[in-house]
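Fold and contact review
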Amino acid sequence: MTITIYHNPACGTSRNVLALIRNSGEEPQIIEYLKTPPSRERLVALIGAMGIPVRDLLRRKGTPYDALGLDDPKFSDDELIDLMLEHPILINRPIVETEIGTRLCRPSETVLDILPSPQHGAFTKEDGEPVVDAEGHRITPAEAAR
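To start, this report covers the structure provided alongside it. None of the values given here were measured: they were computed from a predicted structure.

Taken in spatial order, the 4 strands line up as E2-E1-E3-E4 in an open sheet, and their pairing is mixed. Here the strands that pair on one side only, and so sit at the sheet edges, are strand E2 (29-32) and strand E4 (102-104). The average angle at which neighbouring strand axes cross in this sheet is 15 degrees, direction not considered. In this sheet, E4 lies alongside strand E3 (residues 95-97) in antiparallel orientation, the contact comprising 3 bridges. The partner of Ile 95 across the bridge, within E4, is Leu 104. Where helix H1 (residues 12-23) meets the sheet, its contacts fall on strand E1 (4-7), E2 and E3, and the angle it forms with E1 comes to roughly 160 degrees.

Structure representation (C-alpha cells):
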C-alpha cells in the first residue's frame with residue numbers, strides 16, 4: 001500500500017510529517033487538499049478510518065470557523081462535513097494513511113505510529129525539537145528536554 005498524506009505545504013506540522021515519512025525511505029502520494037479536496041465519500045471514509053468525531057477534524061486557526069459559528073452544537077456531522085468540503089481550510093492536517101492505519105498527525109511525530117518502515121536517521125522538527133535520534137529511534141519528550 002502507498003502512504004498518502006493530505007498535505008498543506010504552508011503548514012509546518014504538515015512539512016514535518018512529510019519529512020518524517022521521507023526519513024523512513026518512503027515517498028508518499030501527496031494530496032494538496034486545498035487544491036484537490038477529497039470527495040464527500042473520501043472525507044467520510046478518512047474520518048471513519050481515524051475513528052474520531054467529525055468535530056475533531058475541524059481546524060479553527062486561520063479558517064472561517066468563528067465566522068461560521070462552528071462552536072454551536074446545532075451543526076450535525078453531515079453539516080460539518082458539507083462545510084469542510086465548501087471550505088477545505090477547515091479540514092485539519094495533515095492526515096496520513098498507511099497500511100497500518102490512518103491518523104491526523106498532530107503533533108507531527110504521531111506519524112511514527114503508523115509508518116511501516118523505521119526511520120533512517122536523526123530527525124529534528126523545523127522548530128528545533130529533536131524527534132528521532134541518529135539510530136532512528138523515537139526521542140521521548142522527557143529525553144528531548146534533557
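Now, onward.
A separate point is the pattern of salt bridges. Evaluation of the coordinates by the stated rule reveals 11 salt bridges. Notably, a salt bridge pairs Arg 22 with Glu 27, separated by 2.9 Å at the nearest N-O pair. Residues Asp 82 and Arg 40 are paired through a salt bridge, measuring 2.4 Å at the closest nitrogen-oxygen approach. Within this pair, whereas Asp 82 is found in helix H3 (residues 77-86), its partner Arg 40 is found in helix H2 (residues 40-50), the two being separated by 42 residues in sequence. On the basis of relative accessibility, which here comes to 27%, the residue Arg 40 falls in the partly exposed class.

The rules we used
Residues numbered from 1 in each chain as written. Predicted model: local features only at pLDDT ≥ 70, side-chain atom pairs only at ≥ 80, totals over all residues. Heavy atoms only, no water. Pairing = 2+ DSSP bridges. Helix = DSSP H or I, 4+ residues; strand = E, 2+ residues; numbered from the N terminus. Axes fitted to C-alpha atoms, helices over the stretch in contact; angles between N-to-C directions. Contact = heavy atoms within 4.5 Å. Salt bridge = Lys/Arg side-chain N within 4 Å of Asp/Glu carboxyl O. Buried < 20%, exposed > 50% of the residue type's maximum accessible area, 1.4 Å probe, protein only.

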